[in-house]
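# Tertiary structure, described
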Protein chains: 2
Amino acid sequence: MIAEKMKPYLQNNSAIRAMFEEGKKMAEQYGADKVYDFSLGNPNVPAPEKIKEAIKEILDEEDPVFVHGYMSNAGFPHVRKAIADNLNQRFGTNFSEENLIMTVGAGSGLNVCLKTLVDPGDEVIVFAPYFLEYGSYIRNYDGVLVQVDPDTESFQLNLDDFEKKLTEKTKAVIINNPHNPTGVVYSEAMISRLAAIMEEKQKAFGHAIYLISDEPYRELAFDGVEVPFVTKYYRNTMVVYSYSKSLSLPGERIGYVIIPDEVENSGDTITAATIANRISGCVNAPSLIQLAVAKCVDSEVDLGYYDRNRRTLYEGLTKMGFTCVKPEGAFYLWLKSPVEDEKQFVEAAKKYHILVVPGSSFACAGYVRLAYCVSYETIVHSLPEFEKLAKEYF
Amino acid sequence: MIAEKMKPYLQNNSAIRAMFEEGKKMAEQYGADKVYDFSLGNPNVPAPEKIKEAIKEILDEEDPVFVHGYMSNAGFPHVRKAIADNLNQRFGTNFSEENLIMTVGAGSGLNVCLKTLVDPGDEVIVFAPYFLEYGSYIRNYDGVLVQVDPDTESFQLNLDDFEKKLTEKTKAVIINNPHNPTGVVYSEAMISRLAAIMEEKQKAFGHAIYLISDEPYRELAFDGVEVPFVTKYYRNTMVVYSYSKSLSLPGERIGYVIIPDEVENSGDTITAATIANRISGCVNAPSLIQLAVAKCVDSEVDLGYYDRNRRTLYEGLTKMGFTCVKPEGAFYLWLKSPVEDEKQFVEAAKKYHILVVPGSSFACAGYVRLAYCVSYETIVHSLPEFEKLAKEYF
């Protein structure tokens, strides 16, 4: 007697659980150090020491009624101001605390944006490959997910197909930069072209089309690559951010949404998003961790660790003959399956205790995702196993 | 261009903001100690010292990758086990960790239950007076709120009207015990009668009707009154709990949902609720505070503080001639307006810098709510002002 709407999720969930259980069984059978699990995007680099110090300082110095109490549904004003000031300094933006709403991570931030914007039947465009949960989030508001085909050359935005998929019904477009699952970073030129197309379509259709930029990996960019700050290129942009990866706090559920003054009817939009945060049941982002991140706006995790993993894995695999997209951001490597059906390849890899996620889990068959947010030892010890796997194909 | 569905909320929000702004202005004008603000349900008694110790201990002793990392969407298994064991010991229940899902407070817990159960057009029954946010939560899933008239004698459940309002379309019934805004505690006899009616209707209609028991005030009960544990009286019960009041952690957003094995098709229901927790965007309840509450299952805030406030306010106001429901739980006093339109009374009270919430904000005109989770000094100093107010009527 659960809701009809929930029933399709039950079946899909069993598949995810089966994969998870298989990984656990493998670790029990062969020993965790003999299993090379690249399936989970759970950061392995610890949160900066400063987070711990900040939390202790807050507990020691502040009134617990304040620390653990309700605040505005948008979050503590001084926390929002500290973050806005930091963004303004780094990106030349001009946000005040009024433009920020603290949220229960990026997952909740995306839901806040979609609840604010989407009526039943509205179309929301996503670019394949994409995090399949976007589909659940869009369905939460009875929106219709419209998928842009991947550009399998570069895995940058396929703007030709995008232009065709934009319709009268398009209410919003979601991009994710740096990108899960490909590790690609969309360049300034790419974002500018995207913005130009959206501007033109807004005019043609006579209504706003919102760009939702999902940026939990913003700080995870390598080789000096720049991640463009999207509000500077397109007016009707909302940015969704999370500290899950930049400060390794995924379990804490802390992030924010930015709605700039430039957004059409921004006052009402900010108010509606704040109400969405409240009536979703979240009410507000968790208080203690809000206070802690405000003290750590300049902190970062050890990016060098991910970078070494990235280079070692990319170089190792390409040398063996695998074709990979060179990852410039996030902590994912996107590898072309040497056989058409990548699920066969995923199965073959298991023989060597290597766990990877099939691209069809990101709406892009023929590829697999490796999450390299694992120990360096796992990377190093996996390479001889990948070598054996490679010999089956090359 | 915000969603049509969000527009009605914008207008209502201005009214709430106006009230809040008025209170702030009053405090600035007359000094905060000369304003008697009984409008907010924000606990003023601090969290137990043990919460602070537990958090510090966790930060010092545990691996940050574990403390701040992802866990199962239902929460850390050992946290759920600690809570289940504590409940079993106190209430003679038989829960395992599988029956608990940690949530982002009770607000999110209620949404998890409703998302799990409610399809568009399904009816959800609530008892007036009630927390108006229930309406937002039910609308999130396109459910239809059906309101049971208040029993203005006792403010216990009006079961005669309830029986009439139960239809083929009833999917769920929400009760809140101890009760906001009346301070009433529903007795065992009352819950038994409610259960009997629901059992009968389940049989008559041939499908499950779920009872959702919203219990953030469970531990706030006075005069030795017992708060019945509802799963023992009715099979298809889900309990929604929060540590907001019992441990004074409202800003932390930490609570749980219980779905007992006795619930129809409990396995699928638990799975669906766990998925609902994930796809709502919450993903999981905040991790550090999950770990902290597990270490504090036996802790409580200083209930004596609330109790003294309760007795002082109730005795003071009844002596002056006001008619109040004797509060046995939560931290609210429910007072009958001496004039039919309680909004007039709310305005009159402002002359004496007394802020209270009109009953129409809880779908029950003719009454006002006083939240006595304020300092004892506020209570004491407000009484002479209430005396002046009383003289306008009696």
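These figures come from a predicted structure and were not determined experimentally. (Residues numbered from 1 in each chain as written. Chains lettered and ligands numbered in written order. Predicted model: local features only at pLDDT ≥ 70, side-chain atom pairs only at ≥ 80, totals over all residues. Heavy atoms only, no water.)

### Let's talk about the overall build of chain A
- Secondary structure assignment for chain A yields 14 helices and 13 strands.
- Expected size for 394 residues packed as a compact globule is a radius of gyration near 21 Å; at 21 Å, chain A falls within 12% of this value.
- Its C-alpha atoms give chain A principal-axis dimensions of about 60 × 55 × 55 Å.
- For chain A, the proportion of contacts with a sequence separation of at least 24, taken over those separated by at least 6, is 74%.
- Carbon and sulfur atoms form 49% of the exposed surface of chain A, whose accessible area is close to 14,700 Å².
- One way to put it: in chain A the 40 positive side-chain charges average out to a point 4 Å from where the 55 negative ones average out. (Helix = DSSP H or I, 4+ residues; strand = E, 2+ residues; numbered from the N terminus. Rg over C-alpha atoms; globule rule 2.2 N^0.38 Å. Contact = heavy atoms within 4.5 Å. Areas by Shrake-Rupley, 256 points an atom, 1.4 Å probe, with all protein chains shown as cover. Lys, Arg positive; Asp, Glu negative; His and termini not counted. Charge placed at Lys NZ, Arg CZ, Asp CG, Glu CD.)

### What to know about the environment of B:Tyr352
- Secondary-structure assignment places B:Tyr352 in the loop between α13 (342-350) and β11 (354-355).
- Beyond its immediate sequence surroundings of up to four residues, B:Tyr352 is in contact with B:Tyr36, B:Glu385, B:Lys388, B:Leu389 and B:Glu392.

### Quick notes on the packing of aromatic side chains
- Inspection of every chain in the model, using the stated rule, returns 46 aromatic pairs over all chains.
- Their ring planes at 80 degrees and their centres at 5.5 Å tell us that A:Tyr217 and A:Tyr332 sit as a pair that is edge-to-face. Linking A:Tyr217 in the loop between β6 (210-214) and β7 (237-242) with A:Tyr332 in strand β10 (residues 332-336), this pair joins segments that are 115 residues apart in sequence. An identical accessibility class is assigned to A:Tyr217 and A:Tyr332; each is buried.
- Here B:Phe131 and B:Tyr134 contribute two aromatic rings whose centre-to-centre distance is 5.9 Å and whose plane-to-plane angle is 85 degrees, an arrangement assigned as edge-to-face.
- Judged by relative accessible area, which is 34%, B:Phe131 ranks as partly exposed.
- Taken together, A:Phe38, A:Phe322, A:Phe345, A:Phe386, A:Tyr393 and A:Phe394 form an aromatic cluster joined through their ring pairs.
- Lying over the aromatic face of A:Tyr305, A:Arg308 brings its terminal NZ or CZ to 5.4 Å of the ring centre.
- Across from the ring centre of A:Tyr376, 3.7 Å away, lies the NZ or CZ of A:Arg308, which sits over that ring. (Phe/Tyr/Trp six-rings, centres within 6.5 Å; stacked < 30°, edge-to-face > 60°. Buried < 20%, exposed > 50% of the residue type's maximum accessible area, 1.4 Å probe, protein only. Lys NZ or Arg CZ within 6 Å of the ring centre and 35° of its normal.)

### Focus: the interface of chain B and chain A
- With 75 residues of chain B at the contact, the number on the chain A side is 74 residues.
- Counting the surface chain B buries against chain A, the share from its top three residues, B:Met1, B:His68 and B:Tyr70, is 13%.
- Linking B:Asp60 and A:Lys56 is a salt bridge whose minimum nitrogen-to-oxygen distance equals 2.6 Å.
- For the interface between chain B and chain A, the tally reads 40 residue pairs in polar contact (both at pLDDT 80 or more).
- Listed by contribution, the elements that provide at least two residues to the side of chain B that touches chain A are α1 (7-30), α2 (49-61), α3 (64-67), α5 (105-117), α6 (133-139), α9 (243-246), α10 (266-279) and α11 (287-294) of chain B. (Buried area = accessible area lost by both parts, 1.4 Å probe. Salt bridge = Lys/Arg side-chain N within 4 Å of Asp/Glu carboxyl O. Polar contact = N/O pair within 3.5 Å; in protein donor to acceptor, adjacent residues only side chain to side chain.)

### Thoughts on helix α8 (residues 188-205) of chain A
- For α8(A), with 18 residues, the first-to-last C-alpha span of 26 Å sits near the 26 Å given by 1.5 Å per residue.
- Just downstream of α8(A) lies A:Gly206, where phi reads positive at about 75 degrees. (Expected span 1.5 Å × (residues − 1).)

### Some details on the nonpolar core
- Ranked by size, the top nonpolar core spans 68 residues in total, and within it A:Ile55 and B:Ile55 carry the most contacts.
- Setting aside its immediate chain neighbours within four residues, A:Ile55 contacts A:Leu288, A:Ile289, A:Ala292, B:Ile55, B:Leu59, B:His68 and B:Leu288. (Core = buried A, V, L, I, M, F, W, Y, C linked by side-chain atoms within 4.5 Å.)

### Some words on the relation of the copies chain B and chain A
- Between chain B and chain A, which share one sequence, the superposing operator has a rotation angle of 180 degrees and an axial displacement of 0.0 Å; the RMSD is 0.0 Å. The operation mapping one copy onto its partner corresponds to a two-fold rotation axis. Relative to the rotation axis, the C-alpha of B:Lys56 is the closest in chain B, positioned 3.3 Å from it.
- By residue overlap, the copies meet face to face through one surface: 99% of the interface positions of chain B are interface positions in chain A. (Least-squares fit on C-alpha atoms with pLDDT ≥ 70 in both.)

### Some words on the pairing of strand β5 (residues 170-176) of chain B
Residue and element names in this part refer to chain B.
- Here β5 lies mainly inside the structure; seven of its seven residues are buried.
- Bridge count between strand β3 (residues 123-127) and β5: four bridges; the pairing is parallel. Bridging across to β5, Val 124 finds its partner in Ala 172.
- The sheet contact formed by β5 and strand β6 (residues 210-214) spans five bridges and is parallel. (Pairing = 2+ DSSP bridges.)

### Section: helix α4 (residues 77-91) of chain A
All names here are of chain A.
- Spanning 15 residues, α4 covers 21 Å between terminal C-alpha atoms, matching the ideal 21 Å at 1.5 Å per step.
- Inspection of α4 places Val 79, Arg 80, Ile 83, Ala 84, Asn 86, Leu 87, Asn 88 and Phe 91 among the buried residues, and these make up the whole buried set.
- On the buried face of α4, the contacting elements are β2 (100-103), α9 (243-246), β8 (255-258) and α11 (287-294).
- At the exit of α4 stands Gly 92, carrying a positive phi of roughly 65 degrees.

### Points about the sheet that holds β2(A)
Residue and element names in this part refer to chain A.
- With mixed pairing, the seven strands of this open sheet are ordered in space as β2-β8-β7-β6-β5-β3-β4. For this open sheet the edge positions go to β2 and β4 (144-148), each flanked by a neighbour on one side alone. With strand direction ignored, the average angle separating the axes of adjacent strands in the sheet is 20 degrees.
- The strands touched by helix α5 (residues 105-117) within the sheet are β2, β3 (123-127), β5 (170-176), β6, β7 and β8, with β7 carrying the most contacts at an inclination of about 155 degrees. (Axes fitted to C-alpha atoms, helices over the stretch in contact; angles between N-to-C directions.)

### Describing the state of the cysteines
- According to the stated counting rule, one finds zero disulfides over all chains in the structure shown.
- Between A:Cys364, a free cysteine, and A:Cys324, which holds the nearest cysteine sulfur, the sulfur-to-sulfur gap is 14 Å. (Disulfide = S-S within 2.5 Å.)

### Focus: the confidence of the model for chain A
- Residues of chain A with pLDDT of at least 70 account for 99%, and the chain-wide mean is 96.
- Listed scores for the predicted complex are pTM 0.97 and ipTM 0.97. (pLDDT = per-residue confidence, 0-100.)

### Digging into the sheet that holds strand β9 (residues 324-325) of chain A
All names here are of chain A.
- Strands sit in the order β9-β10-β13-β12 across an open sheet of four strands; the sheet is antiparallel. With partners counted over all chains shown, the strands left at the sheet margins are β9 and β12 (357-358), one partner each.
- Bridge count for β9 against β10 is two bridges, and the pairing is antiparallel. Residue pairing in the sheet places Cys 324 in a bridge with Leu 335 of β10.

### Concerning the packing of α4(A) against α11(A)
All names here are of chain A.
- Taken N-terminus to C-terminus, the directions of α4 and α11 make an angle of 35 degrees; their axes are 9 Å apart at the nearest point. Considering how the two elements wind past one another, α4 and α11 form a crossing that is left-handed. Contacts from His 78, Val 79 and Ala 82 of α4 reach α11 at Gln 290, Leu 291 and Ala 294.
- For the contact of α4 with α11, a count of residues per class yields four nonpolar, two polar and no charged. (Left-handed = near helix turned anticlockwise from the far one by under 90°. Nonpolar A, V, L, I, M, F, W, Y, C, P; charged D, E, K, R; others polar.)

### Quick look at unusual backbone geometry
- Cis peptide bonds are those with omega within 30 degrees of zero, and the linkage from B:Asn177 to B:Pro178 qualifies with -15 degrees.
- As for its placement among the helices and strands, B:Pro178 is situated in the loop between β5 and α8 (188-205).
- The omega torsion across B:Asn180 and B:Pro181 is 15 degrees, close enough to zero to call that bond cis.
- Tracing the backbone shows B:Pro181 in the loop between β5 and α8.
- Residue A:Ala330 is not a glycine yet carries a positive backbone phi of 60 degrees.
- As for its position among the elements, A:Ala330 is in the loop between β9 and β10.

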